[in-house]
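One letter stands for each residue in the lines below.
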Amino acid sequence: GVGRPARRGGPFGGTPFAFRFQEDRPRNARFRLRGMGAVAIMTTGVETLSSGRDHADLAVRLRSLFGFRSFRRGQERAVKAALEGRDTLVVMPTGSGKSLCFQLPALALPGATLVVSPLIALMRDQTEGLRQRGFEAMAINSGLSREERAEAEERIRNGFQGFIYTTPEQLADPEFRSLLRGASI
């Protein structure tokens, strides 16, 4: 289905631009969101955290892992949804912290986290930022040499537990999908 804003108000009818899916809407309905970006957090089949204690220390994790004193509008709701195992679509303005909405829960959940993005420069920036904070992260895209690609694939085969950034084109490759099926994601 297509989404509709969860709350009224704001430039597109809802702030923080978290969408609920409505199956009764026409499938061909479209959105025009200028200056906005979207993050889809898919948690189907993921072991989740659901106790109140786990949620109570989100602010502590936010500060200790990322250095932020508080969540921006909409982030905490998206993080909690992911930790509870609910698939979530987050649409927020550019630069508003969408990545944190999947990075923070990913650090609390078991296995690797697959991040699909068509923007190789964004992958480079995010993997570098995560590594600087002491987290495992890699990018698999067309910019890798044959040797770099082989090394990254070997790390996945050996149980890599960090962030795996890749492109839609890589994800469409049957061999790459086969590699991912054998991983804990």
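Residues numbered from 1 in each chain as written. Predicted model: local features only at pLDDT ≥ 70, side-chain atom pairs only at ≥ 80, totals over all residues. Heavy atoms only, no water.

Visitor: For this particular structure, what's the right way to read the side chain of Thr127?
Guide: Within the element layout of this structure, Thr127 appears in helix H5 (residues 120–132). By relative accessible area, which is 4% here, Thr127 ends up buried. In contact with Thr127, not counting residues within four places along its chain, are Ala137, Met138, Ala139 and Tyr165. (Helix = DSSP H or I, 4+ residues; strand = E, 2+ residues; numbered from the N terminus. Buried < 20%, exposed > 50% of the residue type's maximum accessible area, 1.4 Å probe, protein only. Contact = heavy atoms within 4.5 Å.)

Visitor: Before we go on, may I ask you to explain the sheet that holds strand S5 (residues 113–116) in this structure?
Guide: Pairing between the strands of a sheet comes from backbone hydrogen bonds, and it takes one of two forms, parallel or antiparallel. Taken in spatial order, the three strands line up as S5-S7-S6 in an open sheet, and their pairing is parallel. At either margin of the open sheet sits one strand with a lone partner, and together these are S5 and strand S6 (137–140). With direction set aside, neighbouring strand axes in the sheet form an average angle of 20 degrees. Sheet analysis places S6 next to strand S7 (residues 163–166), joined by four bridges and oriented parallel. (Pairing = 2+ DSSP bridges. Axes fitted to C-alpha atoms, helices over the stretch in contact; angles between N-to-C directions.)

Visitor: Please explain the nonpolar core as it appears in this structure.
Guide: The nonpolar side chains of soluble globular proteins are, as a tendency, buried together. Within the largest apolar cluster, 19 residues are counted, with the highest numbers of intra-cluster contacts made by Phe71, Leu104, Phe163 and Tyr165. The greatest single-element share of this core, amounting to four residues, is contributed by helix H4 (residues 98–108). For Leu104, the residues in contact, after removing those within four places along its chain, are Leu58, Arg61, Leu62, Leu65, Phe66, Phe71 and Val79. Met138, Ala152, Ile164 and Leu180 belong to the second-largest nonpolar core, a separate cluster that totals eleven residues. (Core = buried A, V, L, I, M, F, W, Y, C linked by side-chain atoms within 4.5 Å.)

Visitor: How should I be thinking about the pattern of salt bridges in this particular structure?
Guide: A side chain with one charge can pair with a side chain of the opposite charge if their charged atoms come near. On inspection of all chains with the given rule, the structure shows seven salt bridges. With its nearest N and O atoms 3.6 Å apart, the salt bridge here joins Glu76 to Lys80. Linking Glu76 with Lys80, this pair stays in helix H3 (residues 75–83), spanning four residues, or about one helical turn. With a closest N to O distance of 2.6 Å, Glu153 and Arg149 form a salt bridge. Here the residue Glu153 and the residue Arg149 both occupy positions in helix H6 (residues 146–157), the gap between them amounting to four residues, near one helical turn. Each member of the pair, Glu153 together with Arg149, is buried. (Salt bridge = Lys/Arg side-chain N within 4 Å of Asp/Glu carboxyl O.)

Visitor: When you look at the confidence of the model for the protein in this model, what are you seeing that I'm missing?
Guide: The predicted coordinates ought not to be read in detail in places where the model reports low pLDDT. For the protein, per-residue confidence averages 77 on the pLDDT scale, and 70% of positions sit at 70 or higher. Long-range and interchain partners of residues 1–34, a stretch whose pLDDT sits below 50, account for 66 contacts in this model, where long-range means more than four residues apart. Within the model, the stretch residues 48–53 combines pLDDT values under 50 with 13 contacts to residues more than four positions away or in other chains. (pLDDT = per-residue confidence, 0-100.)

Visitor: Please explain the packing of helix H2 (residues 58–66) against H4 as it appears in this structure.
Guide: At a closest axis distance of 11 Å, the pairing of H2 and H4 adopts a crossing angle of 100 degrees. In terms of axis orientation, H2 runs roughly perpendicular to H4. Residues Leu58, Arg61, Leu62, Leu65 and Phe66 of H2 form the contact with H4, whose participating residues are Leu100, Gln103, Leu104, Leu107 and Ala108. Of the residues belonging to the contact of H2 with H4, the class tally is eight nonpolar, one polar and one charged. (Parallel < 35°, antiparallel > 145°, perpendicular 65-115°, else oblique. Nonpolar A, V, L, I, M, F, W, Y, C, P; charged D, E, K, R; others polar.)

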